[in-house]
Amino acid sequence: IQPPDFPAPALLATGSLFSSSESDFPWPYLIYDYIPCLSLGEVFDQVSFSSRLALARQLGHLLRRMHSLPIPAGSTLPAGWESYRAHLTHLYSGCQSRHATWGSLPPSLLGELPAYLLPPACLIPPAPCPSLLHVDLTRDHLLGDLHANDWHLRAIIDFGDALTGDPLYELVVLHLEVFDADPRLLHAFLAAYQSSPFHQQDFVHKVMTLTLLHPYDAFAPLFARHPDLRNCAGLSELANRLWDVSFPPP
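Cut-off values and rules
- Residues numbered from 1 in each chain as written.
- Predicted model: local features only at pLDDT ≥ 70, side-chain atom pairs only at ≥ 80, totals over all residues.
- Heavy atoms only, no water.
- Phe/Tyr/Trp six-rings, centres within 6.5 Å; stacked < 30°, edge-to-face > 60°.
- Helix = DSSP H or I, 4+ residues; strand = E, 2+ residues; numbered from the N terminus.
- Buried < 20%, exposed > 50% of the residue type's maximum accessible area, 1.4 Å probe, protein only.
- Lys NZ or Arg CZ within 6 Å of the ring centre and 35° of its normal.
- Contact = heavy atoms within 4.5 Å.
- Core = buried A, V, L, I, M, F, W, Y, C linked by side-chain atoms within 4.5 Å.
- Pairing = 2+ DSSP bridges.
- Axes fitted to C-alpha atoms, helices over the stretch in contact; angles between N-to-C directions.
- Salt bridge = Lys/Arg side-chain N within 4 Å of Asp/Glu carboxyl O.
- 1 Å grid on protein atoms, 1.4 Å probe; cavity = no way out; pocket = protein on both sides within 12 Å on 5 of 7 lines; lining within 4 Å.
- Points joined across faces, edges and corners; volume = space filled by probe spheres on them.
- Nonpolar A, V, L, I, M, F, W, Y, C, P; charged D, E, K, R; others polar.

Student: Is there a simple way to explain the packing of aromatic side chains in this structure?
Tutor: Geometry of an aromatic ring pair is reported as the spacing of the ring centres plus the angle between the planes. The final tally for this structure, using the stated rule, is 7 aromatic pairs. Ring centres of F203 and W243 lie 6.4 Å apart, and the angle between their planes is 80°; on these two criteria the pair is classed as edge-to-face. Taken together, the residues F203 in helix 10 (residues 203-213) and W243 in helix 12 (residues 235-243) connect sequence positions 40 residues apart. In terms of burial, F203 and W243 fall into one category: buried. Pairwise contacts between aromatic rings join W81, Y84 and Y169 into one cluster. Just above the ring of F198 sits the side chain of K206; from NZ or CZ to the centre is 3.4 Å.

Student: Hey, could you run me through the environment of L235 in this one?
Tutor: Counting through the fold element by element, L235 comes out in helix 12. Overall, L235 belongs to the buried group, its relative accessible area being 0%. C-alpha separation for the pair L235 and L105, spaced 130 residues apart in sequence, amounts to 9.7 Å. With sequence-adjacent residues up to four places away left out, L235 is seen in contact with L109, E112, L113, Y116, M208 and L212.

Student: What is the right way to look at the nonpolar core in this model?
Tutor: The tendency in soluble globular proteins is for nonpolar side chains to be buried as a group. Core analysis: the largest hydrophobic core is formed by 72 residues, its most contacted members being L142, F189, M208, L238, L242 and W243. In this view, L242 contacts H175, L176, A181, M208, F219, L222 and L229; residues no more than four positions away in its chain are not counted.

Student: I keep staring at the side chain of H214 and nothing clicks. Help me out?
Tutor: Within the secondary structure, H214 is located in the loop between helix 10 and helix 11 (219-225). Setting aside chain neighbours within four positions, we find H214 in contact with R98, W102, Y169, V172 and V173.

Student: Help me out: how do you make sense of helix 10 in this one?
Tutor: Along an α-helix, residues three or four apart share an orientation, since each turn contains 3.6 residues. Within helix 10, 10 of the 11 residues are buried, which leaves the element mostly enclosed by the surrounding structure. All buried positions along helix 10 are accounted for by F203, V204, K206, V207, M208, T209, L210, T211, L212 and L213.

Student: What am I meant to see in the sheet that holds strand 5 (residues 142-147) here?
Tutor: Strand pairing in a sheet is mediated by backbone hydrogen bonds. Such pairs are either parallel or antiparallel. As summarised here, the arrangement of the 3 strands in space is 3-5-6, forming an open sheet in which the pairing is antiparallel. Looking along the sheet, the strands with just one partner apiece sit at the ends: strand 3 (38-39) and strand 6 (150-156). Bridge count between strand 3 and strand 5: 2 bridges; the pairing is antiparallel. Bridging from a neighbouring strand, S39 pairs with L143 of strand 5. Packing against the sheet, helix 2 (residues 49-67) makes contact with strand 5 and strand 6, and its axis sits at approximately 25° to strand 6.

Student: Before we go on, may I ask you to explain the pattern of salt bridges in this structure?
Tutor: Side-chain pairs of opposite charge can arise whenever the charged atoms involved come near each other. Considering all chains together, one arrives at 5 salt bridges under this definition. For the salt bridge of R184 with D182, the shortest nitrogen-to-oxygen distance reads 2.7 Å. Using a relative accessible area of 43% as the deciding quantity, one classes R184 as partly exposed.

Student: Sorry if this is basic, but what is going on with unusual backbone geometry here?
Tutor: What you tend to see is this: most non-glycine residues have negative phi, and most peptide bonds are trans. Even without glycine at this site, D180 takes up a positive phi of about 50°. Its location among the elements puts D180 in the loop between helix 7 (168-178) and helix 8 (183-193). A relative accessible area of 18% places D180 in the buried class. Even without being glycine, D202 reaches a positive phi, approximately 55°. Its location among the elements puts D202 in the loop between helix 9 (197-200) and helix 10. When its relative accessible area of 43% is taken as the criterion, D202 is described as partly exposed.

Student: Mind showing me how you'd approach empty space enclosed by the protein here?
Tutor: Applying the stated criterion across every chain yields a total of 2 cavities of 30 Å³ or more. Lining the largest cavity we find L63, H67, P167, L168, E170, L171, F189, L190, Y193, S195 and H199. For the lining of the largest cavity, the secondary structure elements donating two or more residues are helix 2, helix 7 and helix 8. Residue composition of the lining of the largest cavity, grouped by class: 7 nonpolar, 3 polar and 1 charged.

Student: Looking at this structure, how should I read the environment of D45?
Tutor: As for its placement among the helices and strands, D45 is situated in the loop between helix 1 (40-43) and helix 2. Overall, D45 belongs to the exposed group, its relative accessible area being 75%. In the structure, D45 is positioned 37 residues away from A8 in sequence and 24 Å away in space, judged by C-alpha atoms.

Below, the structure written as structure tokens:
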């Protein structure tokens, strides 16, 4: 279901290491075209702000295309909302205990979680079908070329965690990792993406809820890079600092 001209390695072959008669798990594999370039993570500190801004716009256009792809019949990815709804419900039920175990959120913010979180039903858009999501758009999964201080995207890799769901879920890793929570880059991305009215309405609260629900601790690396964010008086202030595009960078 890869769209034409989408920057991702071409799939060359598929197979399994073992037959079903030899092993309980056949160890399926995929072989992709090799992309001889650097990840954004390897050169992140050398990339100029103007180049990061151009990347944010480019990703806005690319992800809008990817999220608009129809899920073909017979796909291993669910074409309905049931799986994503169940995923959010599972994350919601264990949210506070996960954050308590991680210990990244200050106690005052941890105590606000039950009252702050939007229920899963509020996070499902009125769309007939979910979108194809990468969900792991980190600096290491964006490959490109660096010339002076300009970095040019060549490929998006590692769709191993892909699922179908709502496009807002995609933003958690992308914004906090690739954009380093800079609202100027998020603004550029959203302007290029052209979100639906559902996604624009109550945007900060919805995407902050998804950040808190995320199965991996999004706050530990963020607070390590921006320790002042730990001093926010409440989850609403932290949400605005992270997701309100009118706020200055952290």
